[in-house]
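Read off the chains here:
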Amino acid sequence: MAERSFKKEVQILRKGAGEELHVEGILGVTKALLQSGVAYVGGYQGSPISHLMDVLNDAQEILEELDVHFESNASEATAAAMLAASVNYPLRGAVAWKSTVGTNVASDALANLASGGVKGGALIVVGEDYGEGSSIMQERSHAFAMKSQMWLLDPRPNLTSITDSVEWGFQLSEASSTPVMLELRIRACHVHGSFTAKDNVRPPLTVKEAMENPERDTSRIVLPPSVFLHEKEKIEDRLPAAIDFIKTNKLNEFFEPRNGGNDKLGIILQGGLYNTLIRALNILGLADAFGNSDIPLYCMNVTYPYVDDEIIEFCRGKDAVLVVEEGQPDYIEQAINKMLRNADVATRLHGKGMLPVYGEYQGQPLKEGVEKFIQAEAPQMLKAEVLPANDAGVANASTNDSANVSPVVQSFDPKAAAQDVIAKATAQPSAKADNLIPLTDLDELVPPRPAGFCVGCPERPIFSAIKQLQFEKGEFHVSADIGCHLFSILPPFNLGNTTMGYGLGGAAGSAFNVDGVRRTINVMGDGGFWHNGLTSSIGSAVFNENDNVFLIVDNNYSAATGGQDVLSSKFYVDHRSTQNPIKKAVQGVGAKWVRVVDTYDVETVKATFKEAMETPIKGPKIIIAQNECMLNKQRRVKPQVRAAMKDGKRVVRERFFVDDETCTGDHACIRLSGCPSLTVKENPNPLKSDPVAYVDNDCLGCGLCGANAHSAVLCPSFVRAEVISNPSKMDNFLHGIRQKVIGFLQAKLQAKIDKHAF
Amino acid sequence: MTEQTVKPITIAISAMGGQGGGVLSNWIRDLAETNGYVAQSTSVPGVAQRTGATIYYLELFSQAAMKEADQEPVLAMTPVPGDVDVLIAAELVEAGRALQRGFVSADRTTLIATTHRSYTVAERQEKGNGLVDGDKIVQIAEQQAKRLIAFDMNQVAIENGSVISSALFGALAASDALPFNKAQFEAAIEAGGVAVASSLAAFNAAYQKGREDKAWEQKQQSVSKEAFASLPAEVASESARELLQRVKDEIPEVCQGLVFEAVKQLVDYQDPEYAHEYLDRLKPLISEDSSEQEYLLSQEVARQLALWMAFQDTIRVAEQKIRADRFEKIRREVKANDAQMVYPVEFLHPRVEEICDSMPKALGQWALNNSFARSCISALFSHGRKLQSAKLSGFLQLYFLASMKSGRRKTLRYFHENNNIEAWLERVQKAASKDYQTAFEIAKCQNLIKGYSDTHARGYENFNAIMAEVDTWLASGQGSLADRVASLNKAALTGEDRKAFEAELAA
């Protein structure tokens, strides 16, 4: 059960030719897959393409109608390997994952796939998780395309271009017997726009039909001597075929300059950056809102392979060309320099010298880069009002130009740029220049707000327990993993030393397989565990008799990627086999010391870790900490509760409360929790200035506050309020008695106070 | 230039993950698409967003302009500093973040910001007061924005049983920043079809507030020292009357409000005699203090002494938990209706120390030092207790504990605290004759003694460490120790462990 349901949206997948669809990029891609007669789809979830998997999952019915097989692959490697179905058979297959991390995992299968080549179109949709909102290391998928000789599409980020690119992606793949990667940047995946639908196409050959009529061709198998043939094919047959297809179908676009434009200059860009570049030109007064620009553009919707003669043609006769290529290394710029050199074209080539060497190319850095380019090559093109503010720009540009490369590695600092823009803005007469508050003051006023555990997250208590145990035993080396639990590295927990990849938390700690005063803690989530952690982390630890502590966070879903189901999911799921306990799996690979704990039972979790730290038993100490992801649980339980209340059934709601008179405002509780709903408020006592702890109404009554108050011996301020709706007869009877007695005694107390009333 | 004439309307939403920014952008998109505009929106979902800061971005483009040009517009994916028409902030610090990133420019940006705070971990985890000055952010917002609409939109949403997105949408409608009328906004909510009634209620309330000519509402300043009520003319009881009279006679005007508040709290804590004792303790200080100094020292001591004398022992905690108004407070806080029953479960974990503290001095000391007794007690209290304070057994236990109040002066805890108070007062007094500022800083140090069990013990440790330096200074020190004490006090409140403090101590 995914975090977000697309059950309603998927109905648009049934829409036919000519209908205008208003959808998210991801949903558009799914529709385009069905329009291209895809026979099988799969992949592994992960932002920014998680929703693609969720959409496919919710579209099972529609997929079945079209005989399209959908597989929730265990990992990106599994997904890539699945494309083997397109090697012998003319089956169109598509898989999706988060890149570059997913592509790293998949690259073994991808390399083999690319070597033998494909008969049916093989499309890999990679969500390029780069720049703002990314959760991974900053790298480029481009390198994988180059190393395995696969083709890389980077279409303009509007739904029409994106959905079209799916269609001709398959064609390109088939025309050149090569797998094709379709790169979508984060915001392109989630861009909400519109495109015109085509009819869905039933695959001409279905997986079933292919399976029933096996074909084989040993020359496609990656084994000598074929491998040498494959390399030859790549260079002599597939590459030329691809380039030919790209040229004849005009996949890359030339944009002529508008009237009065300057065709002595040019810009070569990745298709995915088109919209941002146009906006930058627009702000500089060099293009209108419709993309008509004063400078000719060569838009690479296919960023690999390069179509040399197109590029050389574009550059020939121009004074200077700017290459707009996001990320590093600057593969494209390097290649173009070589092309021009070989073709003896004298056009000056700018790129990373004027644009940031690394980092996302948002509007501001592009605007500044293009401005430098124009300042250096044709300053008269810049409108008067743009010029003065950028004298500095001229200087830099010219120095850069004379050297023709950037003197220093530069990146884009959004803050600095922002201050500059604000400075200009505040120079407006509207603001009184004097008694202005300097904007640098914001640096103190705006604390960071990184992503963190949600309200009531069942993973939080585990780290509360570990932190409390640290007070006793000293600091642990904690090998973290990918998943929500990685938020443990942030305040208030500050737990975690490294993260080496999905399911590799245990593996990353394997060097510390020696005796020491304190054992290490190796974390993994259920997502990572089933992705590969069972073998790479647990299996390896058992085999090597690793003596450390292994924590497996079992919250019933692959929570970080959006709550997709996994093998150990607690509930019955249509089309999938769930309810396979992690405990059995680890025991299956020979783990002896295995404990299963309830995450919210902090005392027990703490005690279990203590035991795991101290036990003389050899081999990995595996602690499976279980509880359901609160986001999913709420979605599951809320409707049930609402219904029960309606039917007049007895319902007990729990939430926490802090006595603001008893709380002394030392916030020790917050330093063990960080729960968004355990916050602070002004001190009700006018004599006190420190804010007191306060539980807001988002509280889900998970119980951590109370458990911490006990296990860490915090303070007597915490109260769990049990709110009984539709109380039973018994409730009413007892309540009556209690009210009488308690009321009487309270009256006595009040009388004492009134004696000295003010 | 022509480019600037035909342009998309650019809207950025600066919010926290899970705040419903997606709902808001859907509404805006539907609003535009049904009223002659094409709309594009982008966002960054996924784990990168869980409760963290995030930006939703929309661009709207007139279909009329498209027809005229007979071309499709090229819409950007991310906001560009200086190129944002409307900035909507779903939390005050996120408004600050947007300002910091240059998304608010005086020449064109309408800023719609809620003034409510959702405190970051960085602010909440401080031992003292780590909250940033929200009002200053609003001031900067007012200075940077072309137009600012700012008020507590979260409150408006809550009052109307809705979520902040509806209130933000209402404020947006009120700003007239978009070429759509109120009815068209409401239609978008209805089209959405989710919780329409409550959303519309919040929308309209926010719309009204947004229409008020007042540019923005100053958030209610936190209760400050000046905020004490002036003395009442008459009081209810004889014992209260005496105390009021003493405050009038003995306490300088500037301190009267504060001291009277303290007196009330101490009577509530113990009894009138205790309040008299408090006034007796203040007397000598005040006589040496002066109006040239604006009685700053007296005020600080008056405040800290009152807080210290009302130390939170088990008796006090029990008393606080069984009062009628407290049960009412809980009902209000959990939003229970009259048909619902509310049963509080108290999480208590007294340690041996707290148990012995509430015994008569001699017995308590014996129990603490007698290993057998000690182990018996710790066995009894090794685990935390969940006490049902609104059920008989729980209530009676607390009631019994609270009724030990009359014997508080005999308890071991009282003995300790009282000695420390006396010693501290003596230091302040001595210091006052030596250096006023130092005396002031010493007085302040009481704020280090708070919390319970370990937290409380660590607080005392730090306090004593500082007092040790104070004593040597009192004995033989030259000049002023004020800065030193102040920086030690600050260090004691920084960070979780004592690292910062020990570093400062060694400095």
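Residues numbered from 1 in each chain as written. Chains lettered and ligands numbered in written order. Predicted model: local features only at pLDDT ≥ 70, side-chain atom pairs only at ≥ 80, totals over all residues. Heavy atoms only, no water.

Enquirer: Can you help me understand the overall build of chain A in this one?
Expert: When you go through chain A residue by residue, the secondary structure sums to 25 helices and 26 strands. The C-alpha radius of gyration computed for chain A amounts to 31 Å, which stays within 12% of the reference 27 Å derived for 758 residues, consistent with globular compactness. C-alpha extents for chain A along the principal axes are approximately 100 × 80 × 60 Å. The buried share among the 758 residues of chain A stands at 59%. Counting contacts in chain A only where the partners sit at least 6 residues apart, residues at least 24 apart contribute 78% of the total. Positive and negative charge centroids in chain A, built from 75 and 91 side chains respectively, lie 7 Å apart. (Helix = DSSP H or I, 4+ residues; strand = E, 2+ residues; numbered from the N terminus. Rg over C-alpha atoms; globule rule 2.2 N^0.38 Å. Buried < 20%, exposed > 50% of the residue type's maximum accessible area, 1.4 Å probe, protein only. Contact = heavy atoms within 4.5 Å. Lys, Arg positive; Asp, Glu negative; His and termini not counted. Charge placed at Lys NZ, Arg CZ, Asp CG, Glu CD.)

Enquirer: Help me understand the interface of chain B and chain A in this model?
Expert: By convention, interface size is frequently given as the accessible area that disappears when the constituent parts associate. With 145 residues of chain B at the contact, the number on the chain A side is 142 residues. On the chain B side of the contact with chain A, Arg 50, Met 341 and Phe 347 of chain B bury the most area, a combined 7% of that side's loss. In this assembly, chain B and chain A are joined by 11 salt bridges. For Lys 467 of chain A, the salt bridge identified is with Glu 496 of chain B, shortest N-O distance 2.6 Å. Its residues assigned to classes, the side of chain B that touches chain A comprises 68 nonpolar, 41 polar and 36 charged. Taken together, the six bridges between strand E26 (residues 718-725) of chain A and strand E7 (residues 341-348) of chain B define a ladder with antiparallel strand orientation. Each residue of the ladder has a partner; that of Val 723 of chain A, found in E7 of chain B, is Val 342 of chain B. (Buried area = accessible area lost by both parts, 1.4 Å probe. Salt bridge = Lys/Arg side-chain N within 4 Å of Asp/Glu carboxyl O. Nonpolar A, V, L, I, M, F, W, Y, C, P; charged D, E, K, R; others polar. Pairing = 2+ DSSP bridges.)

Enquirer: Explanation requested: the sheet that holds E7 of chain B in the structure shown.
Expert: Sheets are built from strands paired through backbone hydrogen bonds, the pairs being either parallel or antiparallel. Taken together, the four strands give an open sheet; going across it, the order is E23(A)-E26(A)-E7(B)-E8(B), and neighbouring strands pair in antiparallel fashion. In this open sheet, the two strands that pair with only one neighbour each are strand E23 (651-658) of chain A together with strand E8 (385-388) of chain B. Taken over all neighbouring pairs, the strand axes of this sheet differ in orientation by 25° on average, direction set aside. Here E7 of chain B runs beside E8 of chain B; their pairing, made up of four bridges, is antiparallel. By the bridge assignment, Phe 347 of chain B is partnered in E8 of chain B with Lys 386 of chain B. Helix-sheet contacts for helix H24 (residues 704-711) of chain A involve E23 and E26 of chain A together with E7 and E8 of chain B, and the interaxial angle to E7 of chain B is about 30°. (Axes fitted to C-alpha atoms, helices over the stretch in contact; angles between N-to-C directions.)

Enquirer: Where do I start with the packing of aromatic side chains in this structure?
Expert: Note on aromatic pairs: each is described by the distance of the centres and the angle between the planes. Throughout the structure, instances matching the rule amount to 29 aromatic pairs over all chains. Here the aromatic rings of Tyr 304 of chain A and Tyr 306 of chain A are separated by 5.3 Å at their centres, their planes lie at 85°, and the arrangement is edge-to-face. Judged by centre distance (5.5 Å) and plane angle (40°), the ring pair of Phe 656 of chain A and Phe 347 of chain B falls under tilted. With Phe 656 of chain A in strand E23 and Phe 347 of chain B in strand E7, this residue pair bridges two chains. Overall, Phe 347 of chain B belongs to the buried group, its relative accessible area being 3%. Through a chain of ring-to-ring contacts, three or more aromatic side chains come together here, namely Trp 27, Phe 169, Phe 185, Phe 203 and Tyr 207 of chain B. Here Lys 361 of chain B stacks its cationic end above the ring of Phe 415 of chain B, 4.3 Å away from the centre of that ring. Directly above the aromatic system of Tyr 269 of chain B lies the positively charged group of Arg 408 of chain B, at a separation of 3.9 Å from the ring centroid. (Phe/Tyr/Trp six-rings, centres within 6.5 Å; stacked < 30°, edge-to-face > 60°. Lys NZ or Arg CZ within 6 Å of the ring centre and 35° of its normal.)

Enquirer: What am I meant to see in a nonpolar patch on the surface here?
Expert: Side chains of Met 730, Phe 733, Ile 737 and Val 741 of chain A sit close together on the surface and give an oily, nonpolar patch of about 360 Å² of accessible area. Residue placement: Phe 733 of chain A occurs in helix H25 (residues 729-755). (Patch = residues over 30% accessible without salt bridge, like charges linked within 9 Å, V, L, I, M, F, W, Y side chains within 5 Å. Areas by Shrake-Rupley, 256 points an atom, 1.4 Å probe, with all protein chains shown as cover.)

Enquirer: Please explain the pattern of salt bridges as it appears in this structure.
Expert: As a working rule, side chains carrying opposite charge can pair if their charged atoms are close by. Following the criterion strictly, the structure yields 85 salt bridges over all chains and no others. Close ionic contact of Arg 449 of chain A with Glu 91 of chain B constitutes a salt bridge, the shortest N to O distance being 2.9 Å. Highlighted residues: Arg 449 of chain A in the loop between helix H18 (442-445) and helix H19 (460-473) and Glu 91 of chain B in the loop between strand E4 (86-89) and helix H4 (92-100), drawn from two different chains. The shortest N-O distance in the salt bridge between Lys 450 of chain B and Asp 690 of chain A comes to 2.3 Å. Linking Lys 450 of chain B in the loop between helix H22 (436-444) and helix H23 (453-476) with Asp 690 of chain A in the loop between strand E24 (678-681) and strand E25 (692-695), this pair reaches from one chain into another. Residue classification places Asp 690 of chain A among the buried positions, given a relative accessible area of 16%. A network of salt bridges, in which partner residues are shared, links Arg 279 of chain A together with Lys 7, Glu 59, Asp 83, Asp 85 and Arg 108 of chain B.

Enquirer: Please clarify how unusual backbone geometry should be interpreted in this entry.
Expert: Negative phi characterises most residues that are not glycine, and trans characterises most peptide bonds. All names here are of chain A. That bond from Ser 47 to Pro 48 is cis: its omega, 5°, falls within 30 degrees of zero. Within the secondary structure, Pro 48 sits in the loop between strand E2 (40-43) and helix H2 (50-58). Pro 492 follows Pro 491 through a cis peptide bond whose omega is 5°. In this fold, Pro 492 is placed in the loop between strand E15 (478-480) and strand E16 (498-499). For Lys 250, which is not a glycine, the phi torsion comes out positive at approximately 50°.

Enquirer: What is the right way to look at the confidence of the model for chain B in this model?
Expert: In low-pLDDT segments, the atomic positions of the prediction should not be examined closely. Scored by pLDDT, chain B has a mean of 92; 95% of the residues are at 70 or more. Segment residues 217-225 of chain B is flagged for pLDDT under 50; beyond a separation of four residues in sequence, or across chains, it makes 17 contacts in the model. (pLDDT = per-residue confidence, 0-100.)

Enquirer: I keep staring at the nonpolar core and nothing clicks. Help me out?
Expert: Among the nonpolar cores identified, the biggest contains 97 residues, and Trp 97, Leu 123, Ile 124, Ile 268, Tyr 306 and Ile 336 of chain A are the most heavily contacted of them. Phe 228, Ile 251, Tyr 269 and Ala 492 of chain B belong to the second-largest nonpolar core, a separate cluster that totals 63 residues. (Core = buried A, V, L, I, M, F, W, Y, C linked by side-chain atoms within 4.5 Å.)

Enquirer: Can you help me understand the domain arrangement of chain B in this one?
Expert: Looking at the assigned domains, one finds that chain B contains domain 1 (9-211), domain 2 (221-310), domain 3 (314-411) and domain 4 (412-507). Its C-alpha centre places domain 1 of chain B at a distance of 48 Å from the equivalent point of domain 3 of chain B. (Domains from an automatic or database assignment.)

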